[in-house]
Amino acid sequence: MKTENESNANQNKIIESVARLVSDLCFDGEYKNHTEYLTEIFEHLLETESGDSRSLRIKMLSCIRTSKMLAKALEPFSDEEIQKACVQMING
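Residues numbered from 1 in each chain as written. Predicted model: local features only at pLDDT ≥ 70, side-chain atom pairs only at ≥ 80, totals over all residues. Heavy atoms only, no water.

Chemist: I keep staring at the overall build of the protein and nothing clicks. Help me out?
Modeler: Assigned secondary structure in the protein consists of 4 helices and 0 strands. Helices (α) and strands (β) of the protein occur, in sequence order from the N terminus, as α-α-α-α. Counting every position in the protein, which comprises 92 residues, the buried fraction comes to 20%. Relative to all contacts within the protein whose residues are 6 or more apart in sequence, the contacts with residues 24 or more apart total 70%. (Helix = DSSP H or I, 4+ residues; strand = E, 2+ residues; numbered from the N terminus. Buried < 20%, exposed > 50% of the residue type's maximum accessible area, 1.4 Å probe, protein only. Contact = heavy atoms within 4.5 Å.)

Chemist: What is the right way to read the packing of helix α2 (residues 34–46) against helix α3 (residues 54–74) from this model?
Modeler: When two helices pack together, you describe them by how their axes are tilted relative to each other and by the distance separating the axes. Packing of α2 against α3 brings their axes to within 9 Å, and their N-to-C directions diverge by 165°. Here α3 runs roughly antiparallel to α2, going by the angle between their axes. The chirality of how α2 crosses α3 is left-handed. Facing α2, whose interface residues are His34, Thr35, Leu38, Thr39, Phe42, Leu45 and Leu46, α3 presents Arg57, Met60, Cys63, Ile64, Ser67 and Lys68. Counted by class, the contact of α2 with α3 contains 7 nonpolar, 4 polar and 2 charged residues. (Axes fitted to C-alpha atoms, helices over the stretch in contact; angles between N-to-C directions. Parallel < 35°, antiparallel > 145°, perpendicular 65-115°, else oblique. Left-handed = near helix turned anticlockwise from the far one by under 90°. Nonpolar A, V, L, I, M, F, W, Y, C, P; charged D, E, K, R; others polar.)

Chemist: Would you take a moment to explain the nonpolar core for this structure?
Modeler: The nonpolar side chains of a soluble globular protein tend to be buried, and buried together. Among the nonpolar cores identified, the biggest contains 8 residues, and these are Ala19, Val22, Leu25, Tyr31, Leu74, Ile82, Cys86 and Ile90. Contributions of two or more residues to this core are made by α1 (2–27) and α4 (79–91). Beyond its immediate chain neighbours, meaning those up to four positions away, Val22 contacts Leu74, Ile82 and Cys86. (Core = buried A, V, L, I, M, F, W, Y, C linked by side-chain atoms within 4.5 Å.)

Chemist: What is the right way to look at the side chain of Ser67 in this model?
Modeler: Its place among the elements puts Ser67 in helix α3. Taking relative accessible area as the criterion, Ser67 reaches 12% and is therefore assigned buried. Excluding residues within four positions of it along the chain, Ser67 makes contact with His34, Thr35 and Leu38.

Chemist: Sorry, what's going on with the pattern of salt bridges here?
Modeler: Pairing between side chains of opposite charge can happen when their charged atoms approach one another. Inspection of the entire model under this criterion finds 2 salt bridges. Across the pair Glu16 and Arg20 runs a salt bridge, and its minimum N-O distance is 2.8 Å. Of this pair, Glu16 and Arg20 are both found in helix α1, 4 residues apart, which corresponds to roughly one turn of the helix. The residue Arg57 makes a salt bridge to Asp52 at a minimum N-O spacing of 3.7 Å. You can call Asp52 exposed: its relative accessible area is 60%. (Salt bridge = Lys/Arg side-chain N within 4 Å of Asp/Glu carboxyl O.)

Chemist: I would appreciate a short explanation of the confidence of the model for the protein in the present structure.
Modeler: Low-pLDDT portions of the prediction should not be read for the details of their coordinates. Across the protein, the average pLDDT comes to 80, with 88% of residues at 70 or higher. Predicted confidence in the protein is weakest over α1, with a mean pLDDT of 73, and strongest over α3, with 86. (pLDDT = per-residue confidence, 0-100.)

The structure is reproduced here in structure tokens:
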């Protein structure tokens, strides 16, 4: 029983941490546009000699993919709805 309670407590901490991350992103501005920002930055990097690295390209694509997944997951909701839900989850 104790292990189960610890597991639930850890899950709650994980959810709270994700809520804090999303909340912080909302305060950071246009997080829904981060995919475009990353793509623009990476396109410029790829034109440089240091951008000609397979491992760097793989990391760039991974960042863009993660950013797209976050934006798609939050797309149906307004910034206000997201912020309100995050605050509620953080405060319990």
